[in-house]
Amino acid sequence: MSKFRGILPALVTPFDAEERFCPAPLEALLERVYSSGVHGVYVCGQTGEGRLQPVEQRKLVAEVAVRNSPPGRDAIIHVGCYRTADALELARHAGRIGAAAISSLPPDGCSFTEIRAYYQALAAVSELPVLVYYFPEICSGIASFDQILELTSIPNVVGLKFTDYNLYLLSLIRRDGYTIYNGRDEVLAAGLLMGANGGIGTFYNLVPGWFVHLFELSEAGRHSEARKVQDRINDLIRLTVQFPVTAAVKRMLDWSGIRCGAPLAPHRRLTEQEDNSLRQCLEAAHLDPAGAFVNSTLDLS
């Protein structure tokens, strides 16, 4: 399963004013990120507001993503739901439409025994490889290295999306041969240095070319240059996290010509004051609010 590697944007999902999925903006976003050289996409995860969407709508989002992914690029479908039965249905659907793999957040508020049983059920019904989602900030039920290895040892589980700053732990898991996607955009360069096969992240929607460039520099062993790209990425992240992140990312995509709408309730859109402040922050950081930075290259001189 070493084919799983590279840069995968955790795609936002565009919605209209009635919270219905809008295929055309997603198709435009897919064209943009793939033209920037990304190696695949991650669909309906946290950034894509998957668990807030109806199951049938999530199927439509997955179908658009798979249909618009070029040959050899990996569309990984996040199937995590509040109901296990829904997750299993989405896993079966992902297999039918030709996705490359599935992934899932752990179920909320569950013990490790319950989490393990959940992933066992998911892996058993899936025709596709499974990536566990390790995100201790929102799920404390997976608490140790041994527990992670227990989950990755489940038949059909090939690795995990690793959203944490403990890159020592990442390196230990990677040394056991499992695929790992770094999930903290802020430390992608360090995660790759510590052995991650690639990255999955929110800010890849905005500057996919920057993340591809960072990955290529890391692959070439040019780590000091990769760190400079990381620093510029982190300028963008640092200003964005002053605002509700999903709303801010969607707004910046709006300004760049891809209308993504507001986040789904209960998450909120930016206020008018926040909207203006975000524009000012981008201008102060020499990032064009109209989105000219989206496909730009970085001057690292």
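Residues numbered from 1 in each chain as written. Predicted model: local features only at pLDDT ≥ 70, side-chain atom pairs only at ≥ 80, totals over all residues. Heavy atoms only, no water.

**Overview of the overall build of the protein**
Next, step 1: In terms of regular secondary structure, the protein is built from 11 helices and eight strands.
Next, step 2: Relative to the 2.2 N^0.38 estimate, which gives 19 Å for 301 residues, the radius of gyration of the protein is 18 Å and therefore close to what a compact globule would have.
Next, step 3: Projected onto its principal axes, the C-alpha coordinates of the protein cover approximately 50 × 45 × 35 Å.
Next, step 4: Per-residue burial over the protein gives 57% buried out of 301 residues.
Next, step 5: When contacts within the protein are restricted to residue pairs at least 6 apart in sequence, those whose partners lie at least 24 apart make up 68%.
Next, step 6: Of the charged side chains in the protein, 28 are positive and 33 negative, and the gap between their average positions amounts to 2 Å. (Helix = DSSP H or I, 4+ residues; strand = E, 2+ residues; numbered from the N terminus. Rg over C-alpha atoms; globule rule 2.2 N^0.38 Å. Buried < 20%, exposed > 50% of the residue type's maximum accessible area, 1.4 Å probe, protein only. Contact = heavy atoms within 4.5 Å. Lys, Arg positive; Asp, Glu negative; His and termini not counted. Charge placed at Lys NZ, Arg CZ, Asp CG, Glu CD.)

**Description of the environment of Arg 73**
Next, step 1: Summarising the element assignment, Arg 73 is placed in the loop between helix 2 (55-67) and strand 3 (74-78).
Next, step 2: Sequence separation between Arg 73 and Arg 5 is 68 residues, and the spatial gap between their C-alpha atoms is 10.0 Å.
Next, step 3: Residues in contact with Arg 73, not counting those within four places in the same chain, are Tyr 34, Gly 37, Val 38, His 39 and Gly 40.

**Here's the deal with helix 2**
Next, step 1: Its 13 residues place the ends of helix 2 18 Å apart at the C-alpha level, agreeing with the 18 Å of an ideal helix rising 1.5 Å per residue.
Next, step 2: For helix 2, the set of buried residues is Val 55, Gln 57, Arg 58, Lys 59, Val 61, Ala 62, Val 64, Ala 65 and Val 66.
Next, step 3: On its buried face, helix 2 is in contact with helix 1 (23-35), strand 2 (40-43), strand 3 and helix 3 (84-97). (Expected span 1.5 Å × (residues − 1).)

**Describing the environment of Ile 154**
Next, step 1: Checked against the element boundaries, Ile 154 lands in the loop between helix 5 (145-152) and strand 6 (157-162).
Next, step 2: In sequence terms Ile 154 and Gln 46 are 108 residues apart; their C-alpha atoms lie 24 Å from each other.
Next, step 3: Residues contacting Ile 154, with those up to four places away along its chain left out, are Arg 116, Tyr 119, Gln 120 and Ala 123.

**Some thoughts on the packing of aromatic side chains**
Next, step 1: This structure, assessed with the given rule, holds five aromatic pairs.
Next, step 2: When the centroid spacing of 6.4 Å and the interplanar angle of 80° are considered together, the rings of Tyr 42 and Tyr 133 count as edge-to-face. With Tyr 42 in strand 2 and Tyr 133 in strand 5 (residues 130-134), this residue pair connects regions lying 91 residues apart in the sequence.
Next, step 3: The exposure class of Tyr 42 is buried, given its relative accessible area of 1%.
Next, step 4: Since its relative accessible area comes to 3%, Tyr 133 is described here as buried.
Next, step 5: Summarising the aromatic geometry, the rings of Tyr 133 and Phe 135 are spaced 5.9 Å apart at their centres and angled 10° between planes, so their arrangement reads as stacked. (Phe/Tyr/Trp six-rings, centres within 6.5 Å; stacked < 30°, edge-to-face > 60°.)

**Considering the sheet that holds strand 6**
Next, step 1: Here we have eight strands laid out as an open sheet, ordered 1-8-7-6-5-4-3-2, and parallel in their pairing. Each of the sheet's edge strands pairs with one partner strand only, and the pair in question is strand 1 (6-9) and strand 2. Taking each pair of neighbouring strands and ignoring which way they run, the sheet shows an average axis angle of 25°.
Next, step 2: Across the sheet, helix 1 touches strand 1, strand 2 and strand 3, and the angle it forms with strand 2 is around 140°.
Next, step 3: Contacts between helix 6 (residues 167-175) and the sheet are confined to strand 5, strand 6 and strand 7 (179-182), with strand 7 contributing the most and set at about 155° to the helix. (Pairing = 2+ DSSP bridges. Axes fitted to C-alpha atoms, helices over the stretch in contact; angles between N-to-C directions.)

**Regarding helix 1**
Next, step 1: Taking 1.5 Å of rise per residue, the 13 residues of helix 1 would be expected to cover 18 Å, and the 18 Å separating its terminal C-alpha atoms lies within 8% of that figure.
Next, step 2: All buried positions along helix 1 are accounted for by Pro 25, Leu 26, Leu 29, Leu 30, Arg 32, Val 33 and Tyr 34.
Next, step 3: Of the surrounding secondary structure, the elements contacted by the buried residues of helix 1 are strand 1, strand 2, helix 2, strand 3, helix 8 (208-219) and helix 10 (245-255).
Next, step 4: Immediately beyond the C-terminal end of helix 1, within one or two residues, lies Gly 37, with a positive phi of roughly 100°.

**Remarks on the pattern of salt bridges**
Next, step 1: All chains considered together, the criterion is met by 17 salt bridges.
Next, step 2: Across the salt bridge formed by Arg 20 and Glu 18, the nearest N and O atoms sit 3.1 Å from each other.
Next, step 3: When the shortest N-O distance is used, the salt bridge between Lys 59 and Glu 56 registers 3.1 Å. With Lys 59 and Glu 56 both in helix 2 and three residues apart, this pair spans about one turn of that helix.
Next, step 4: With relative accessibility at 9%, the residue Lys 59 sits in the buried group.
Next, step 5: Given the relative accessible area of 53%, Glu 56 is considered exposed.
Next, step 6: Linked through salt bridges whose partners overlap, the residues forming this network are Glu 56, Lys 59, Glu 89 and Arg 96. (Salt bridge = Lys/Arg side-chain N within 4 Å of Asp/Glu carboxyl O.)

**Digging into the nonpolar core**
Next, step 1: Counting residues in hydrophobic clusters, the biggest one holds 103 residues, and the most contacted among them are Tyr 119, Leu 122 and Leu 278.
Next, step 2: Not counting chain neighbours up to four residues away, the residues in contact with Tyr 119 comprise Ser 104, Leu 105, Pro 106, Val 132, Tyr 133, Leu 151 and Ile 154. (Core = buried A, V, L, I, M, F, W, Y, C linked by side-chain atoms within 4.5 Å.)

Read these as spatial facts, not as claims about activity.
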